Amino acid sequence: MNRDNSNAVRRSQYFLPTLKETPAEAQIVSHRLMLRAGMVRQASAGIYSWLPLGFRVLKKIEQIVREEQNLAGAQEFLMPTIQSADLWKQSGRYDDYGKEMLRITDRHAREMLYGPTNEELITEIFANDVRSYRDLPKNLYHIQWKFRDEVRPRFGVMRGREFYMKDAYSFDLDASAGRVAYNKMFIAYLRTFARMGLQAIPMRADTGPIGGDQSHEFLILADTGESEVFCHRAYLDMDVMTADVDFADDQGLAAMVDRWTEHYAMTDEMHDPAKCPVAKDDLVEARGIEVGHIFFFGTKYSEALGARVVGPQGEDTAVQMGSYGIGVSRLTGAIIEASHDENGIIWPAGVAPFQVGLINLRQGDEACDAACNGMFDTMRAAGTEVLYDDRDGRAGVKFADMELIGLPWQLIVGPRGLKNGVVELKNRASGEREEVSAEAALSRLAG
Ligand code: 5CA
């Protein structure tokens, strides 16, 4: 028997504090909607608690990221949030990172820090246990909280101080093998964002404090984005990556990456109007949200921290490395920026907290309660994720709340319909409504 009943919940028992008023502190729509839909609450500046509904979305996003990393051959593990300052002194970044790094002293007066990223720690782990080129290639990733003491945390989870990130790290013998690792992540990223209903555009980017000479940011276009971006119109119509990809086919992957990088696409740090080859009519100037960032930095950390292997000819070489980040918590807000209307969120099915919102229009009415309870039990048994609004209260409130939280389907049950043997099925994204029998509705929602 399936003992997990978290996928079928009753609103009367669920902790889902929705708000009618728009919170004054929220400047952008995703932040407003996440607060109003009872997804998050601020704990302190740039630090959030994830309430049950928001937590479900975060876990959905995380799981898509995980599946696509695994498919691309990366292996999941887990590093801690708190790190020792020693490694960061060896790499030279302890000073470089400046005030963005949260520094902590333990009871023995040892300098510690809350990790803003993990290049140093993973390089040390690798250096201690890998000696031979035969152990390469490797790509290890974890999904873990990070802390960056941003000067201006804002826009809710989009620019937090504590945030949830997937970070992967690749290790290869030479630069061409390193390029293969980079390409795998590049394609995995396109697939990951496509599964969330997002059209992410890869753009040449500045490498900042991570370093290296090769880097792409993945941005989705949104008016509230923090970056200014310049790209060829062609990207707007490119097919998202849904086709199966053979991650063992190095050449096939390289060709795909070439196709996705053949047109001009730059963030403002890299864009030079004098050198931009795109005709004015074809150039899109927009704002974007950075949802992922990948780097190839060669031996920057392996030299500094002694990650070396013995090569096929017995030579001692520093390994080639890259790192690959996805902003998992930021994506929650980014998806809402890309998918909402004046009534609330419109979740793409892949990341929706529940697939179905069951609305009982006349709680306490025998026929309505019986029909709703029956459908709820059927959906629970079938594994269909359902939130049942079984509260006493006005229909208008239930409708408004369900629109706000944006589940893909609403299943509306009222006394008048039941007399005619029908319930109403409403698609949140298209707004289409249909009257169908309860059985027909259930079979549609199960399929
Ligand atoms: N070590 C590299 C790759 S693993 C790295 O840290 N890259 S990063 O700095 O670009 O961060 C990776 C992703 O985390 C970004 O693309 C962004 O989506 C997300 N991110 C970065 N800073 C924040 C923040 N303050 N709040 C929310 N998400 C953030």
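Every value quoted in this text rests on a predicted model; they were computed, and no experiment measured them.

### Focus: the state of the cysteines
So, point 1. What the rule picks out here adds up to 0 disulfides.
So, point 2. Cysteine Cys-231 shares no disulfide, and the gap to the nearest cysteine sulfur, in Cys-276, comes to 10 Å.

### Brief notes about the sheet that holds strand β7 (residues 111-114)
So, point 1. Here we have 3 strands laid out as an open sheet, ordered β5-β7-β6, and antiparallel in their pairing. Two strands bound the open sheet, and with one partner strand each, they are β5 (82-84) and β6 (102-105). Shown here is a sheet whose adjacent strand axes are inclined to one another by a mean of 35°, direction ignored.
So, point 2. Pairing geometry for β6 and β7, over 4 bridges, is antiparallel. Residue pairing in the sheet places Arg-103 in a bridge with Leu-113 of β7.

### Things to note about the packing of helix α11 (residues 366-382) against helix α14 (residues 438-446)
So, point 1. Running from N to C, α11 and α14 cross one another at 25°; their axes reach a closest spacing of 11 Å. The orientation of α11 relative to α14 falls into the category roughly parallel. You can see that α11 and α14 cross each other, and the crossing is right-handed. Residue-level contacts link Met-375, Thr-378 and Met-379 of α11 to Ala-438, Leu-442 and Leu-445 of α14.

### Things to note about unusual backbone geometry
So, point 1. Each neighbour pair has its own omega, and for Leu-136 with Pro-137 the value is -5°, a cis peptide bond.
So, point 2. Relative to the assigned elements, Pro-137 resides in the loop between α5 (119-129) and β8 (138-147).
So, point 3. Phi at Ala-109 is positive, roughly 65°, even though this residue is not glycine.
So, point 4. Among the structural elements, Ala-109 can be located in the loop between β6 and β7.
So, point 5. Judged by its relative accessible area of 59%, Ala-109 is exposed.

### A few points about the nonpolar core
So, point 1. Among the nonpolar cores identified, the biggest contains 81 residues, and Met-39, Ile-61, Phe-186, Phe-193, Met-196, Phe-218 and Trp-347 are the most heavily contacted of them.
So, point 2. The element best represented in this core is helix α6 (residues 175-195), accounting for 9 residues.
So, point 3. Residue-level mapping places this core at the junction of two domains, with at least three residues from each of domain 1 (5-10 + 354-446) and domain 2 (39-345).
So, point 4. Setting aside residues up to four positions removed in sequence, Phe-218 forms contacts with Phe-186, Tyr-189, Leu-190, Phe-193, Ala-200, Ile-201, Pro-202, Ile-289, Glu-290, Val-291, Gly-292 and Ile-294.
So, point 5. In terms of nonpolar packing, the next biggest core, distinct from the first, is built from 26 residues, Ile-122, Phe-126, Ile-210 and Phe-297 among them.

### Points about the packing of α6 against helix α8 (residues 250-261)
So, point 1. Contact geometry for α6 and α8: axes closest at 9 Å, N-to-C directions at 60°. The pairing of α6 with α8 is recorded here as oblique in orientation. The two elements α6 and α8 cross, and the hand of that crossing is left-handed. Each of Val-180, Asn-183, Lys-184, Phe-186, Ile-187 and Leu-190 in α6 lies in contact with α8, whose residues at this interface are Asp-250, Leu-253, Ala-254, Met-256, Val-257, Trp-260 and Thr-261.
So, point 2. Looking at the contact of α6 with α8 residue by residue, the class counts come to 9 nonpolar, 2 polar and 2 charged.

### Let's talk about the site of the ligand
So, point 1. As a structural note, the neighbourhood of the ligand is formed by 22 residues, with Thr-117, Glu-119, Arg-148, Gly-160 and Glu-290 the closest of them.
So, point 2. In this structure, a nitrogen atom belonging to the ligand sits 2.8 Å away from a main-chain N or O atom of Gly-160.
So, point 3. The separation between an oxygen atom of the ligand and a polar side-chain atom of His-293 is 3.2 Å.
So, point 4. Protein coverage of the free-state accessible area of the ligand, which is 600 Å², stands at 96%.
So, point 5. By residue number, the principal contributor to the shell around the ligand is strand β14 (residues 283-298), which donates 5 residues.
So, point 6. Considered class by class, the residues forming the shell around the ligand number 8 nonpolar, 7 polar and 7 charged.

### Some words on the environment of Ala-205
So, point 1. If you trace the backbone, Ala-205 turns up in the loop between β10 (201-204) and β11 (214-221).
So, point 2. Taking the C-alpha atoms as reference points, Ala-205 and Ser-215, 10 residues apart in sequence, are found 5.5 Å from one another.
So, point 3. Setting aside chain neighbours within four positions, we find Ala-205 in contact with Ser-215, His-216, Glu-217, Thr-267, Met-270 and His-293.

### A closer look at the packing of aromatic side chains
So, point 1. Evaluation of the coordinates by the stated rule reveals 12 aromatic pairs.
So, point 2. Summarising the aromatic geometry, the rings of Tyr-114 and Phe-147 are spaced 5.6 Å apart at their centres and angled 50° between planes, so their arrangement reads as tilted. Here Tyr-114 is found in strand β7, whereas its partner Phe-147 is found in strand β8, with 33 residues between them in sequence. Phe-147 carries the same exposure label as Tyr-114, and that label is buried.
So, point 3. Taking the centre distance of 5.9 Å and the plane angle of 85° together, the rings of Tyr-189 and Phe-193 count as edge-to-face. Of this pair, Tyr-189 and Phe-193 both sit in helix α6, 4 residues apart, which is roughly one turn of the helix. Note on accessibility: Tyr-189 and Phe-193 belong to one class, buried.
So, point 4. Arg-56 extends its terminal NZ or CZ atom over the ring of Phe-354, reaching a point 4.2 Å from the ring centre.

### Considerations on the domain arrangement of the protein
So, point 1. According to the domain assignment, the protein consists of domain 1 (5-10 + 354-446) and domain 2 (39-345).
So, point 2. Taking the mean C-alpha position of each, domain 1 and domain 2 sit 39 Å from one another.
So, point 3. At the interface, 10 residues of domain 1 touch 7 residues of domain 2.
So, point 4. Buried surface at the junction of domain 1 and domain 2, both sides included, amounts to about 730 Å², of which 41% is carbon and sulfur.
So, point 5. At the junction of domain 1 and domain 2, the tally comes to 3 salt bridges.
So, point 6. The shortest N-O distance in the salt bridge between Glu-385 and Lys-60 comes to 2.7 Å.
So, point 7. Where domain 1 meets domain 2, there are 8 residue pairs in polar contact (both at pLDDT 80 or more).
So, point 8. Residues of the side of domain 1 that touches domain 2, tallied by class, amount to 3 nonpolar, 4 polar and 3 charged.

So, how was this worked out
Residues numbered from 1 in each chain as written. Predicted model: local features only at pLDDT ≥ 70, side-chain atom pairs only at ≥ 80, totals over all residues. Heavy atoms only, no water. Disulfide = S-S within 2.5 Å. Pairing = 2+ DSSP bridges. Helix = DSSP H or I, 4+ residues; strand = E, 2+ residues; numbered from the N terminus. Axes fitted to C-alpha atoms, helices over the stretch in contact; angles between N-to-C directions. Parallel < 35°, antiparallel > 145°, perpendicular 65-115°, else oblique. Left-handed = near helix turned anticlockwise from the far one by under 90°. Contact = heavy atoms within 4.5 Å. Buried < 20%, exposed > 50% of the residue type's maximum accessible area, 1.4 Å probe, protein only. Core = buried A, V, L, I, M, F, W, Y, C linked by side-chain atoms within 4.5 Å. Domains from an automatic or database assignment. Nonpolar A, V, L, I, M, F, W, Y, C, P; charged D, E, K, R; others polar. Near = heavy atom within 4 Å. Polar contact = N/O pair within 3.5 Å; in protein donor to acceptor, adjacent residues only side chain to side chain. Areas by Shrake-Rupley, 256 points an atom, 1.4 Å probe, with all protein chains shown as cover. Phe/Tyr/Trp six-rings, centres within 6.5 Å; stacked < 30°, edge-to-face > 60°. Lys NZ or Arg CZ within 6 Å of the ring centre and 35° of its normal. Buried area = accessible area lost by both parts, 1.4 Å probe. Salt bridge = Lys/Arg side-chain N within 4 Å of Asp/Glu carboxyl O.

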